Every structure is written in C-alpha cells, then in structure tokens.
Amino acid sequence: MPQQISRLLILFTLLILGLVVARHYLVPKTFGRLGHYRAAAVDAIVARNVKYVGREACASCHDDIVKIHSLARHQTVACEACHGPGAAHMEAPTEHKPPAPRKRGSCPLCHGYDPSRPTGFPQIDPVAHNPVKPCITCHNPHAPEPPQVPGECSACHGQIARTKAVSHHALLPCTRCHETSQQHKVTPRLSRPTKPRDRAFCGECHAKDARSPKEIPRIDMASHGERYACWQCHYPHDPELR
Amino acid sequence: MTNQARPGIPAQSPPADSPLDRRAFLKKGWPATLLLLVAKVVPSASGETKGAEYQASEHYYGMGIDVGKCIGCGRCADACKTENDVPRQPFYFFTWIERYVIKTDGETVVESPNGGIEGFPPTVTETGFLRTFFVPKLCNHCASPPCVQVCPVGATFTTPDGVVLVDKDYCIGCRYCIQACPYGARFLHPQTHTAAKCTFCYHRVTKGLLPACVGVCPTGARIFGEVHLRTSPLARFRRFNEIQVLKPHLNTEPKVYYANLDGEVK
C-alpha cells in the first residue's frame, strides 16, 4: 500500500473514531429512542404537577354542595372555574383556602351583556341590573334561579329587545306579532311563540289601503316583492328603512 | 406401528388402550384447551387492571371547539396559565380567546385583550355589525407540523399520541418554530428563553384527566378526546357537527376541530 494512502487511512480512522466518541458524549442518552428527540423530555413534561383536580375531588369533602350543584343550572360550570385550582387546598385544606368570588365583578365575565355571546345565553347589563349589589345577595351561585319568572320578553331575548328599542318598531309590543302562551315562560322550547305567517300581516299596517297612521311607509302589496315573504328581505326587529 | 405388532386386529379400529384415538383425544383434550384459554386470558385481564403504565401508542388526541357555544368568559385562558405556569403578562398564551366583530361595511375587527381573561370591553361600532362571536384559539397540534419540521436540533417533536411538545432543556431558543407556526401559537418564554406552547396538558391527559381548559369551560364549548376511536366525545362531536379546521390550505392537518366556524376566521 502506498504510504500516502495508509496515512490517509489512519487519518480518516482517527477522524471517524473521534466522531463516534464525540457523538457518544454529546448526543443525549435518550435521543432517538422514540423519534428525533429526547425521550426523557416527555417524562419531564409528564412529571409536572396537576393543579386543577376536578369536581370528583371536590365532592370527596364538599358532597353537600356538589349534590346541589350537580342538579342546578350551573351543573356544567366546574367548581374550579370560579374557585380556582384545588390541588393546594387538597394538600393542606386549612392553609390554602380557595377564593370564593363574592364581588360583583366576576359573574359578568359570563353573564354581562355582550352581543358576541350566543343568543339565548342569560345576560344582564351590569350597569343597569341592581347596581352595586353583589350578585350573591339575590342569586345562589351553586344553584342559580332567575329571581322571578321572567315578566318581560327582554329578560331572555335581550338582544332582540335592545335592537327593537332603537328601531322604527320600538313602540310595537312583542305580542303584536308573536302570540305567546304562559307555558312559554316555563318550557320555552316546547311551547314556542307564533310568528306572522303571511304578507297580509305586515300589510295590515304597510299596505296602500291599510287603516293605519299616515307616517307609516306604504307599499303596493301587488307589485312590491310579491315572490317573497316580507321577513325574507326585512328584519322586523330593526326594519332597514330609516 | 402398534397395528403391525398385532396382526389379528383390523387396521380401521385401533385398540382400546391406544393412547390417541380421535375420540379419546377430544375427550381428554377439551379441559386442556379450556385451561390454555384461561391461562391466556387471565394474565392479560390482570395486566389491564394493573396497567397504570400509560401507553402513548394506544392514544391519538384531538380537540373540538364549538364556536357557537363559546361565551368568551376567558376561564380557559386563565386556567391554562395557572395549570401550566404561563407568564401572566398579556402577551404569553397557550390558549386565548379572540372576539370577531364583522361590521356592516365588511371590515372585520379581531380583538383579544389579555386573551379574554379579564373579559372584553363593550362592542362599539359606528356602523353597527353584521355578526360577532368569540373564537378560542390554541396550538392546533398539527399532524403535519411546520414547527417540528424546522427545528434544527430536534427540540420540538410529535409524541406517538399526536401531541406536539417542546423539550425546554434542549431548545436553543432560535425562534425558528415561532416563525414557522401559521397559527401564532408559540412564544419565547421570557424566563427560560426557549420556545413554549400548549401541551394539550400532556401531564394531565397521561394521567387520564382532561386538559385544564376543557375542564373549566362552563358551556362545554371545548371537547377533548381520541381522534380515531369511535367511542370518544370528540368522535361524537365530529359526527354531529359540520367541522372545519384553521387554514386547511396549508396542509398542516390540524387536530383542533371547529364547529360553527365563520369564514372570516383566519
């Protein structure tokens, strides 16, 4: 073997050996066991402490409250959604007392009026709704009930009521268009209010020959959008004509 | 061989003392078979009851979010920060809530003041709005994650159960993954100076608990479960809702599934 080749061979062997040794010390032990990462990192993440313990853990001591709560309207609201994480309280029940939000500020986080919330979700206007009083003076947060059966449609249909209040239809009571039985207040979805069925209903005020105040805009029922029901173009709670 | 040794007996009927004619074999055989079966079943059954050991390969996680149920209370973002020790400053989030207001002139305004933890200011528009709603966001735990692809040291990775995690001891803080994530779900942790993101509460789900955000959601807008299993809350959610994912055109294959998602949501 020529000398230069053997020298190169020795050099390369040393380089490769160096690489193997360096890899042995530099690459973490668990790297590549599960994939192109340190398997030990997964164990480190798994070993982290749990802080939110869940309703079952709360029930092991506070079964009286959990029993009421699990049947009430707030049953889907976890204990720790209001009281904060319970792990520290479980470790040392007297040293770590979970906070109980008694001030007015916390309930509107869910129940303050915001048009972005889904329609039908119970909401109040925190400014106008019994100002200053803490919510818990009237409502039991574990088993909340509306203080009385809703007297006004706006108690539940606040979004519609607020929209209508600034529209041209502001002075029309809801019941002018919707026949609503008393049962609707008890089982709202099983006894639904009626809706105007035909064009003639709107025509009672808006048709050319209607017997209604002159200021109300008139249309010719025969030629005006005769293929559609009125509500298909107009939103009756906020008519577009201004 | 025995037949040959006794030439007087016809070959069809083996002698009574022959150890293995068919009838005798079946008669003796069934208890043995039963024993074998029991022996096979019992250890596996007891193994299941003992099996506190978590098997990552048996799971594949995803999350469902029903936009139509989100009330924007921010309890998820708050619980997440507590559970995962996320810095409290208003720019570090594992999960957060965005409020979309689509105005009548077509403009879309997206806000997320402190992730929604302290609630949202009243919606004020001069022109009124067409639609408005809340959208909870978090790491989408993509099946084909760009962040994992770009990591130069293998510090971010997908576990066998489909969760994208960060190895904070191995991360060099190059921020490449933060740039690569199309959902803005990652940030550089101000104390460790390494990348951080939602872990699907991996320390909880491996113990059989729900992620903190799912557990505290008061309206059940968040659903967590197995992607491939048919008997999982997530499977039910995906059966009964029209499902969309965020930025499907990027082929990241997100495993956070949205129901009732508006087309304006990016």
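Residues numbered from 1 in each chain as written. Chains lettered and ligands numbered in written order. Predicted model: local features only at pLDDT ≥ 70, side-chain atom pairs only at ≥ 80, totals over all residues.

### A word on the overall build of chain A
- Check the secondary structure of chain A and you find 10 helices and 0 strands.
- Taken against the 2.2 N^0.38 rule, which gives 18 Å for 242 residues, the C-alpha radius of gyration of chain A at 34 Å runs more than 25% over that of a compact globule.
- For chain A, the spread of C-alpha atoms along the principal axes amounts to about 115 × 60 × 35 Å.
- In chain A, 45% of the contacts between residues at least 6 apart in sequence involve partners at least 24 apart. (Helix = DSSP H or I, 4+ residues; strand = E, 2+ residues; numbered from the N terminus. Rg over C-alpha atoms; globule rule 2.2 N^0.38 Å. Contact = placed C-beta atoms within 7 Å.)

### A few points about the environment of B:Phe94
Residues and elements named next belong to chain B.
- Checked against the element boundaries, Phe94 lands in the loop between helix H3 (75-83) and strand S2 (95-103).
- Sequence spacing of Phe94 and Gly115 is 21 residues, and the spatial spacing of their C-alpha atoms is 9.7 Å.
- Look past the residues within four positions of Phe94 in its chain and what remains in contact with it is Cys80, Asn84, Val86, Leu138, Lys197 and Cys198.

### Remarks on the pairing of strand S1 (residues 61-66) of chain B
Residue and element names in this part refer to chain B.
- Buried residues dominate S1, accounting for 6 of its 6 residues.
- The two faces of S1 match: Tyr61, Met63 and Ile65 on one face and Gly62, Gly64 and Asp66 on the other face are all buried.
- Here 5 bridges tie S1 to strand S9 (residues 222-226), and the two strands are oriented antiparallel to one another. Across the sheet, the residue bridging to Tyr61 is Glu226, located in S9.
- Pairing of S1 with strand S11 (residues 256-259), which is carried by 4 bridges, proceeds in the parallel orientation. If you follow Met63 over to S11, its bridge partner there is Val256. (Buried ≥ 20, exposed ≤ 12 C-beta atoms within 10 Å, placed from the backbone. Pairing = 2+ DSSP bridges.)

### Some words on the sheet that holds S2(B)
Residue and element names in this part refer to chain B.
- Read across the sheet, 3 strands follow the order S3-S2-S4 without closing on themselves; strand pairing throughout is antiparallel. Since the sheet does not close on itself, it has two edges, and those belong to strand S3 (108-111) and strand S4 (129-138), each with one partner. When the angles between neighbouring strand axes are averaged without regard to direction, this sheet yields 20°.
- As paired strands, S2 and S3 are joined by 4 bridges and run antiparallel to one another. (Axes fitted to C-alpha atoms, helices over the stretch in contact; angles between N-to-C directions.)

### Structural notes on the sheet that holds S1(B)
All names here are of chain B.
- The sheet built from 4 strands is open, its strands ordered S9-S1-S11-S10 with mixed pairing. The sheet terminates laterally at S9 and strand S10 (243-244), the two strands that pair on one side only.
- Judged from the 2 bridges that link them, S10 and S11 form a sheet pairing that is antiparallel. The residue bridging Gln244 from the neighbouring strand is Tyr258, located in S11.

### Details of the interface of chain B and chain A
- Taken residue by residue, the interface counts 38 residues in chain B and 29 residues in chain A.
- Of all elements in the fold, only H3, S4, helix H6 (202-205) and helix H7 (212-216) of chain B reach the threshold of two or more residues within the side of chain B that touches chain A.
- Among the elements that take part in the side of chain B that touches chain A, H3(B) stands out by supplying 4 residues, more than any other.
- Residue classes in the side of chain B that touches chain A are distributed as 15 nonpolar, 15 polar and 8 charged. (Nonpolar A, V, L, I, M, F, W, Y, C, P; charged D, E, K, R; others polar.)

### Comments concerning the environment of B:Cys73
- Note on placement: B:Cys73 falls in the loop between S1 and H3.
- In this structure, the C-alpha to C-alpha distance between B:Cys73 and B:Asp105, residues 32 residues apart in sequence, is 28 Å.
- Not counting chain neighbours up to four residues away, the residues in contact with B:Cys73 comprise A:Leu109, A:Cys110 and B:Pro218.

### Some details on the domain arrangement of chain A
- Taken domain by domain, chain A holds domain 1 (54-89 + 124-145) and domain 2 (172-242).
- Computed from C-alpha atoms alone, the centre-to-centre distance between domain 1 of chain A and domain 2 of chain A is 41 Å. (Domains from an automatic or database assignment.)

### Some thoughts on the nonpolar core
- Core analysis: the largest hydrophobic core is formed by 73 residues, its most contacted members being B:Cys80, B:Leu165, B:Cys213 and B:Val216.
- Filtering out sequence-adjacent residues up to four positions away, B:Cys213 remains in contact with B:Cys76, B:Ala79, B:Cys80, B:Thr95 and B:Arg222. (Core = buried A, V, L, I, M, F, W, Y, C linked by C-beta atoms within 7 Å.)

### Concerning the environment of A:Cys107
Residue and element names in this part refer to chain A.
- Within the element layout of this structure, Cys107 appears in the loop between helix H6 (87-91) and helix H7 (108-111).
- The class for Cys107 is partly exposed, based on 19 C-beta atoms found within 10 Å.
- Remark: the alpha-carbon pair of Cys107 and Arg38, spanning 69 residues in sequence, is separated by 45 Å.

### Let's talk about the confidence of the model for chain B
All names here are of chain B.
- Looking at chain B, pLDDT values average 86 and 80% of them are 70 or higher.
- Scored below 50 in pLDDT, residues 1-11 shows 5 contacts in the model against residues more than four places distant or in partner chains.
- Of the regions scoring below 50 in pLDDT, residues 40-51 engages in 0 contacts with residues more than four places distant in sequence or in other chains.
- Overall fold confidence (pTM) sits at 0.75, and the ipTM for the predicted complex is 0.75. (pLDDT = per-residue confidence, 0-100.)

### Describing unusual backbone geometry
- The backbone of A:Val132 shows a phi angle near 75°, a positive value even though the residue is not glycine.
- Mapped onto the elements, A:Val132 comes out in the loop between H7 and helix H8 (158-165).
- On the neighbour-count criterion, A:Val132 (5 C-beta atoms within 10 Å) is exposed.
- Not every positive phi belongs to a glycine, and B:Cys201 is a case in point at roughly 50°.

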